[in-house]
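Here's the letter readout for the chains.
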Amino acid sequence: MTDSHASEGALLDLDVTAIAHGGVFIARHEGRVVFVSDAIPGERVRARLTDPPAGAGTDGADARSFWRAETVEVLDASPHRRPHVWPEADVSRAPEQRPGGADLGHIDIDHQRVLKRRVLQEALDRFAGGGIDAPEVEGTGTDENWRTRVTLHVDGQGRIGPFAARSHRVVPVAEHVLARPAIDAAARELRGLPEGRIELVEPADGEVRRVLRTEAERVAHGARRRRGPRRPAPETIVERVGERSFTLDADGFWQIHPAAAGLLDGAVAELLDGRVDPDAAHLDLYGGVGLFSATLARLGARRITTVESSPRATRHAAANLRDLGVQAVTARVDRFLRTDDAATWGAAGGAVILDPPRSGAGRAVVEDVAALDPAAIAYVACDPVALARDLATFRGLGFEPRALRAFDLFPHSHHLETVALLTR
């Protein structure tokens, strides 16, 4: 098709040249960038435009700098293409019926990791100032049936399933191939639920928990937050890393790959080994229920403060780490770092562990951490672009990345976990 003003739904034959951050791929149509799903660099695909012509002028021209499209047919396949690990997400199915969550499932697993490394390298080159080599992406040994947590949705017609890729439309599916077998079995049994969402969680004991959040409860909870009592406390579960147990809420944060917490604990310990002064004060920021505080203690730290904005997670952390004497503080990290307590509990010469949300720590937090003058910083990142931007800020303040490790903790999806060590 040669029309520069192609409309939504138009079909384009595209040569795919690269992978972009976010699990989509790059092609060009008459000079315009097109982000294409379900493709592989080196392929030629037929794709359907999904974006309406936003920014159209009076002459009908589309001012958008890029388009988005969904592959509907593979014209020239890559040697790395394989039958999709989740058949219901395969390119042979209509795009609007493909469930999300496995956007690289059509690519052989080794090449997925090659592509993830490319995404990390590009982020480091573009946003971190260059001169940093992305590490090889390490696997976990378990690439299928790994999800210990699955969120499903229930629409107004009672349909239960994941959202379709890049949408909020519920798509019923026959199986959940990335989920642990017990979760897949529990999902198949779900019937007659009210509108909302349900989380299926399989902790260390192997018993699946069901956490239902109805739409009615969500609305009511919003009203109660303004004028009334809180909803009942959630059920708690126990996870394990090595010999240590961690209690948390069933719907609280924990890594969803069964090997992930242990791998990250080991990676942080390896990077900080020999850099933890037992007499210094150390900080575990965005600390959750205490995983990395326990890592610091294992490395010899005796004065540890963990900071987490969730009051329940902080209470769990205090209990989980009681034998280690860890100080658990409920606070937003950015606000905590502006208090006098930050300098007291995270003095110069200590180690700081940062495990921020997907958006990253951000400039203000990075600047305040650097001002504490720690001996070493371990940064655990689930988004390569956010990591790269924060690394750029650290580098401007005199901290350089000395080592990086990258882990494929979310096989068949575009997500990637990276751990970086920074020192002055």
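Keep in mind that what you see is a predicted model, and the values were worked out from it rather than measured. Residue numbering note: each chain is counted from 1, following its sequence as written. Only residues with pLDDT of 70 or above have their local features reported here, since the model is predicted, and side-chain atom pairs are shown and tallied only from 80 upward, although totals for entire chains, interfaces and linings are computed over all residues. Water and hydrogen atoms play no part in the side-chain values, which are based on all heavy atoms of the structure.

Focus on the packing of helix α4 (residues 260-272) against helix α5 (residues 291-298)
To define axes, lines are fitted to C-alpha atoms, for helices over the stretch in contact only, and angles between the resulting N-to-C directions are given on a 0 to 180 degree scale. The numbering of helices and of strands both runs from the N terminus, where a helix is a DSSP run of H or I of at least 4 residues and a strand a run of E of at least 2. For the pair α4 and α5, the least separation of the axes is 10 Å and the interaxial angle reads 40°. As judged from the angle between their axes, α4 and α5 are oblique. Between α4 and α5 the crossing geometry is right-handed. When α4 is examined against α5, the residues A261, L264, D265, V268, A269 and L272 are found in contact with a partner set consisting of L291, F292, T295, L296 and R298. Residues were grouped as follows: Ala, Val, Leu, Ile, Met, Phe, Trp, Tyr, Cys and Pro as nonpolar; Asp, Glu, Lys and Arg as charged; and all remaining residues, including Gly, as polar. Residues of the contact of α4 with α5, tallied by class, amount to 8 nonpolar, 1 polar and 2 charged. We call two directions roughly parallel when the angle between them is under 35 degrees, roughly antiparallel when it is over 145, roughly perpendicular when it lies between 65 and 115, and oblique otherwise. Two helices that cross are described as forming a left-handed crossing if the nearer one is turned anticlockwise from the farther one by less than a right angle, and a right-handed crossing if clockwise. Throughout, a residue-residue contact means that at least one pair of heavy atoms, one from each residue, lies within 4.5 Å.

Digging into the nonpolar core
Burial of nonpolar side chains together is a common tendency in soluble globular proteins. As used here, the term nonpolar core means buried Ala, Val, Leu, Ile, Met, Phe, Trp, Tyr and Cys residues forming a set that is joined through side-chain atoms within 4.5 Å. Partly exposed residues are those whose accessible area sits between 20% and 50% of the maximum for their type, while under 20% is buried and over 50% is exposed, using a 1.4 Å probe and protein chains only. In this structure, W254, V268, L272, L296 and V419 are the most contacted members of the largest nonpolar core, which totals 48 residues. Ranked by residue count, the leading element in this core is α4, at 7 residues.

Looking at the packing of aromatic side chains
Ring pairs are drawn from Phe, Tyr and Trp, using the six-membered ring of Trp, whenever the two centres fall within 6.5 Å, and their geometry is named by plane angle: stacked under 30 degrees, edge-to-face over 60, tilted for the rest. For the coordinates displayed, the defined rule picks out 4 aromatic pairs. Centroid distance F246 to W254: 5.7 Å. Interplanar angle 40°. Geometry classified as tilted. Pair check on accessibility: F246 and W254 agree, each one buried. Measuring from centroid to centroid gives 6.1 Å for F394 and F399, while their planes differ by 70°, and the two rings are edge-to-face.

So, the sheet that holds strand β10 (residues 209-214)
Paired strands, as defined in this entry, are two strands with at least two bridges between them according to DSSP. A sheet is described by the order of its strands in space; here 4 strands give the open sequence β8-β7-β9-β10, paired in antiparallel fashion. For this open sheet the edge positions go to β8 (160-161) and β10, each flanked by a neighbour on one side alone. Pairing geometry for strand β9 (residues 196-201) and β10, over 6 bridges, is antiparallel. Counted as the bridge partner of L200 is R210 from β10.

Overview of the pattern of salt bridges
By definition here, a salt bridge exists when the distance from a side-chain nitrogen of Lys or Arg to a carboxyl oxygen of Asp or Glu is within 4 Å. Per the counting criterion, the structure on display carries 33 salt bridges. Notably, a salt bridge pairs R188 with D184, separated by 3.1 Å at the nearest N-O pair. Residue R188 and its partner D184 are both found in helix α2 (residues 181-188); the two are separated by 4 residues, about one turn of the helix. Judged by its relative accessible area of 43%, R188 is partly exposed. Among the ionic pairs, R332 bridges to D334, the shortest N-O distance being 2.6 Å. According to the relative accessible area criterion, D334 is partly exposed, its value standing at 27%. The structure contains a network of salt bridges with shared partners spanning D38, R48, E70, E96, R98 and R166.

A short note on unusual backbone geometry
Phi angles above zero are rare outside glycine, and D373 is one such case at about 55°. The residue D373 is located in the loop between α9 (363-371) and β17 (376-381) in this model. The class of D373 is partly exposed, set by a relative accessible area of 34%. The phi torsion at H412 lies on the positive side, around 75°, for a residue other than glycine. Considering the arrangement of structural elements, one finds H412 in the loop between β18 (400-407) and β19 (417-423). For H412, a relative accessible area of 1% translates into the label buried.

Here we look at the confidence of the model for the protein
A residue's pLDDT is simply how confident the predictor is in it, with values from 0 to 100. Overall, the predicted model of the protein reaches an average pLDDT of 92, with 92% of residues at or above 70. Confidence drops under pLDDT 50 across residues 55-61; counting only partners more than four residues distant or on other chains, this segment forms 6 contacts.

A closer look at the sheet that holds strand β1 (residues 11-20)
Taken in spatial order, the 5 strands line up as β1-β2-β3-β5-β4 and close into a barrel, and their pairing is mixed. Across the sheet, the axes of successive neighbouring strands diverge by a mean angle of 50°, strand direction being ignored. In this structure, strand β4 (residues 44-49) lies alongside strand β5 (residues 66-76), joined through 6 bridges in antiparallel fashion. In the sheet register, R44 faces β5, and the bridge partner there is D76.

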